[in-house]
Amino acid sequence: MTAVIKKALADKKLQKPLKIFAISLCITVILACMLCMVSYADEADEGNEIINTNPGVTITVNGADTKTDRVESLEILFLMTILALLPSILIMLTAFTRIIIVLSFVRNAMGLQQTPPNQVLIGLALFLTLFIMQPVITEIKDVSYTPYVEGEITQSEAIKAAEAPIKKFMLKQTKNKDLSLFISLSKEETPQKAEDVSMLTLVPAFIVSEIKRAFTAGLLLYVPFIVIDMVVSSVLMSMGMIMLPPTMIAMPFKIMVFLITDGWGLLIKSLVMGF
């Protein structure tokens, strides 16, 4: 009985500090709320006199007052359009199309679904494209970009000067048959020189030619791997292992043959020298 009484007295003594702490906490919260309301009311009274210094982003659109301003606005719009179409330009006007298709053919021929992954193939194709297009990019910089930045030529002259190196590269890789096809489809007059062909006609002809060459290279790459598949299938059939997938057994042999013959080096060399 005495122990129960002592325990009750101890609980009573413990509850007293807790009540004091709870009351103090409530008073503190009430005072903080009152201070916030006072400061908010003061800011509302000052209203228009307070300058908002909070960080943020504002966008304003101002009209063009002069002819120069309108021209500059159109130039900015033209530059933004080029940046938006940059991936398509990369695919349509460079060696990227042929390279990425051939690399995809090689991966599929070896029976590797996601090895190397798409990011690796695209990265390799991009850097090979830059390597192949480096002379063209350098010529564009010399005859178009540098004179335009220094104010020696106008924007239209810079665009026309930049077309010449690109068109020269594309004409070199475009088959005459494909070019003639698109010239006839466009119902344009046959130009006296190949350099006079418009870009609207040259670009699709160039892409079709690149796809044809890429498929031809892919077919040639497929043949040795198909032979390995046939040999492995014949061996498995003769051994009575009908339920064993031939592709699973043939894959290590394909990779081994590709590595022994330095397949990646030969492939990259062929792609670069093809341009």
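Each value, and the rule that gives it
Residues numbered from 1 in each chain as written. Predicted model: local features only at pLDDT ≥ 70, side-chain atom pairs only at ≥ 80, totals over all residues. Heavy atoms only, no water. Axes fitted to C-alpha atoms, helices over the stretch in contact; angles between N-to-C directions. Helix = DSSP H or I, 4+ residues; strand = E, 2+ residues; numbered from the N terminus. Parallel < 35°, antiparallel > 145°, perpendicular 65-115°, else oblique. Left-handed = near helix turned anticlockwise from the far one by under 90°. Contact = heavy atoms within 4.5 Å. Nonpolar A, V, L, I, M, F, W, Y, C, P; charged D, E, K, R; others polar. Phe/Tyr/Trp six-rings, centres within 6.5 Å; stacked < 30°, edge-to-face > 60°. Buried < 20%, exposed > 50% of the residue type's maximum accessible area, 1.4 Å probe, protein only.

Got a minute to help me understand the packing of helix 5 (residues 118-149) against helix 10 (residues 263-273) in this structure?
Between two packed helices, both the angle of their axes relative to each other and the distance between the axes serve to describe the pair. Between helix 5 and helix 10, whose axes approach to 10 Å, the crossing angle comes to 40 degrees. One way to sum up the angle between helix 5 and helix 10 is to call them oblique. Here helix 5 runs over helix 10; the crossing is right-handed. Across from Leu124, Leu128, Phe131 and Ile132 in helix 5, the residues of helix 10 making contact are Ile268, Leu271 and Val272. Partitioning the contact of helix 5 with helix 10 into residue classes produces 7 nonpolar, no polar and no charged.

Whenever I open this one, the packing of helix 4 (residues 96-109) against helix 8 (residues 199-238) confuses me. Can you help?
Closest axis-to-axis distance for the helix 4/helix 8 pair is 9 Å, and the angle between their directions is 20 degrees. As judged from the angle between their axes, helix 4 and helix 8 are roughly parallel. Of the two elements, helix 4 crosses helix 8, and the hand of that crossing is right-handed. Residues Thr97, Arg98, Ile101, Val102, Phe105, Val106, Asn108 and Ala109 of helix 4 touch helix 8, and the partners they reach there are Glu210, Ile211, Arg213, Ala214, Phe215, Ala217, Gly218, Leu221, Tyr222 and Phe225. Its residues assigned to classes, the contact of helix 4 with helix 8 comprises 12 nonpolar, 3 polar and 3 charged.

Just to check I follow, could you spell out the packing of aromatic side chains for this structure?
Any aromatic ring pair is given by two values, namely how distant the centres are and how the planes are angled relative to each other. Evaluated as defined, the whole model comprises 5 aromatic pairs. With centroids separated by 6.0 Å and ring planes inclined at 85 degrees, the aromatic side chains of Phe105 and Tyr222 adopt a geometry described as edge-to-face. You can see Phe105 sitting in helix 4 and its partner Tyr222 sitting in helix 8, a full 117 residues away along the chain. Judged by its relative accessible area of 26%, Tyr222 is partly exposed. Aromatic pair Phe225 and Phe258: ring centres 6.2 Å apart, planes at 40 degrees, arrangement tilted.

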